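# Structural overview for review
If you want the building blocks of each chain, they are given just below.
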Amino acid sequence: MQDKTARTDHPIHPMLASRWSPRAFSARLLDTDAINSIFEAARWSPSANNLQPWAFVFAERGTPDFEVLCACLKESNLLWARDAALLGLALERPAKPDGSPNPHARYDLGQAAAHMTFQACALGLHIHQMAGFDPAQASASLGIPPDLLPVTAFAIGYLGEASSLPASVQEKELAIRSRCPTSAFVRVGRWPKHVD
């Protein structure tokens, strides 16, 4: 298997550097302890006012609801995600218990998903999060309550071989990882004025 460790400009934790979002998953299923550990990590992520405005729904490969989740994915994601051990949805609860908007709900959901991601990495697993799915179809098909909004889909599993992917997907899988330098998005003190 190829090494996709990030070539960082500054030292970061090795687990952060090695995290990436593969498309090739092996046939190996997850055990219950691993699944529980991943969602326990989400449980303990930071939350504004401890509102914990997140929820998750998932299904394991080989179950009817896994096929329901597959049917909600865009074709470009379905090509590879159907091989993952588990598919799921990250859901946002956008209102506080009193019905007022929670402006930090999506931020908190993102933190919960990040905690899941790194717990999965610690267990030797990978998560690939996806925007390419039909939220309305997912809500209707899985009976998701109206106070929860599907934000992203995700696939979890053990890393597979890129050669198992359709040719149209292999190029993305084998590409070198890249990111903008921190100088593109980090500023000290005031934001510099833009001069036209």
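Going by the structure above, here's the rest.
Residues numbered from 1 in each chain as written. Predicted model: local features only at pLDDT ≥ 70, side-chain atom pairs only at ≥ 80, totals over all residues. Heavy atoms only, no water.

### Some thoughts on the nonpolar core
- Within the largest apolar cluster, 25 residues are counted, with the highest numbers of intra-cluster contacts made by Leu 73, Trp 80, Leu 87, Leu 89, Met 130 and Ala 155.
- For this core, the secondary structure elements donating two or more residues are β1 (54-60), α3 (64-72), α4 (75-81), β2 (86-92) and β4 (149-157).
- A per-element tally of this core places α3 first, with 4 residues.
- Ignoring anything within four residues of it in the chain, the contact list for Trp 80 reads Pro 22, Arg 23, Phe 25, His 128, Met 130, Ala 155, Leu 165 and Val 169.
- Counting 19 residues, the second-largest nonpolar core is a separate cluster that includes Ala 34, Ala 42, Ala 120 and Tyr 158. (Core = buried A, V, L, I, M, F, W, Y, C linked by side-chain atoms within 4.5 Å. Buried < 20%, exposed > 50% of the residue type's maximum accessible area, 1.4 Å probe, protein only. Helix = DSSP H or I, 4+ residues; strand = E, 2+ residues; numbered from the N terminus. Contact = heavy atoms within 4.5 Å.)

### Comments concerning the state of the cysteines
- In total, this model carries 0 disulfides according to the counting rule given.
- Of all cysteine sulfurs, the one in Cys 72 lies closest to Cys 70, which takes part in no disulfide; the gap is 9.1 Å. (Disulfide = S-S within 2.5 Å.)

### Points about the pairing of β4
- Where β2 meets β4, 7 bridges bridge the pair, whose relative direction is antiparallel. Looking at the pairing, Ala 90 lines up with Thr 152 of β4.
- Taken together, the 5 bridges between strand β3 (residues 126-130) and β4 define a ladder with antiparallel strand orientation. Across the sheet, residue His 126 finds its bridge partner in β4, namely Gly 157. (Pairing = 2+ DSSP bridges.)

### Section: α3
- What α3 keeps buried is the set Phe 66, Leu 69, Cys 70 and Cys 72. Buried residues in α3, looked at end-on, bunch into an arc of 160 degrees, giving them a common side.
- Contacts made by the buried residues of α3 are with β1, α4, β2 and α6 (135-142). (Arc of directions from axis to C-beta.)

### A few points about the packing of α3 against α6
- Two elements in contact, α3 and α6, have axes whose closest approach is 9 Å; the angle formed by their N-to-C orientations is 160 degrees. In terms of axis orientation, α3 runs roughly antiparallel to α6. Considering the relative orientation of α3 and α6, their crossing is right-handed. Packed against α3, whose contacting residues are Asp 65, Val 68, Leu 69, Ala 71 and Cys 72, the element α6 presents Gln 137, Ala 138, Ser 141 and Leu 142 at the interface. (Axes fitted to C-alpha atoms, helices over the stretch in contact; angles between N-to-C directions. Parallel < 35°, antiparallel > 145°, perpendicular 65-115°, else oblique. Left-handed = near helix turned anticlockwise from the far one by under 90°.)

### Examining the side chain of Glu 92
- By the secondary structure assignment, Glu 92 is in strand β2.
- There is a polar contact of 2.5 Å between the side chain of Glu 92 and the side chain of Arg 106.
- Beyond its immediate chain neighbours, meaning those up to four positions away, Glu 92 contacts Pro 53, Ala 105, Arg 106, Leu 109, Asp 147, Leu 148, Leu 149 and Val 151. (Polar contact = N/O pair within 3.5 Å; in protein donor to acceptor, adjacent residues only side chain to side chain.)

### Looking at the packing of aromatic side chains
- The full count for this structure, using the stated rule, is 4 aromatic pairs.
- Judged by centre distance (5.2 Å) and plane angle (25 degrees), the ring pair of Phe 39 and Phe 58 falls under stacked. Note that Phe 39 is positioned in helix α2 (residues 32-43) and Phe 58 in strand β1, a separation of 19 residues in sequence.
- By relative accessible area, Phe 58 is classed as partly exposed at 34%.
- Taking 6.3 Å as the distance between ring centres and 70 degrees as the angle between the ring planes, the aromatic pair formed by Phe 56 and Phe 154 counts as edge-to-face. Here Phe 154 lies in strand β4 and Phe 56 lies in strand β1, a separation of 98 residues in the sequence.
- What makes Phe 154 buried here is its relative accessible area of 3%.
- Pairwise contacts between aromatic rings join Phe 39, Phe 56, Phe 58 and Phe 154 into one cluster.
- Directly above the aromatic system of Tyr 158 lies the positively charged group of Arg 28, at a separation of 3.8 Å from the ring centroid. (Phe/Tyr/Trp six-rings, centres within 6.5 Å; stacked < 30°, edge-to-face > 60°. Lys NZ or Arg CZ within 6 Å of the ring centre and 35° of its normal.)

Everything listed here is a matter of coordinates, which is why it stays silent on function.
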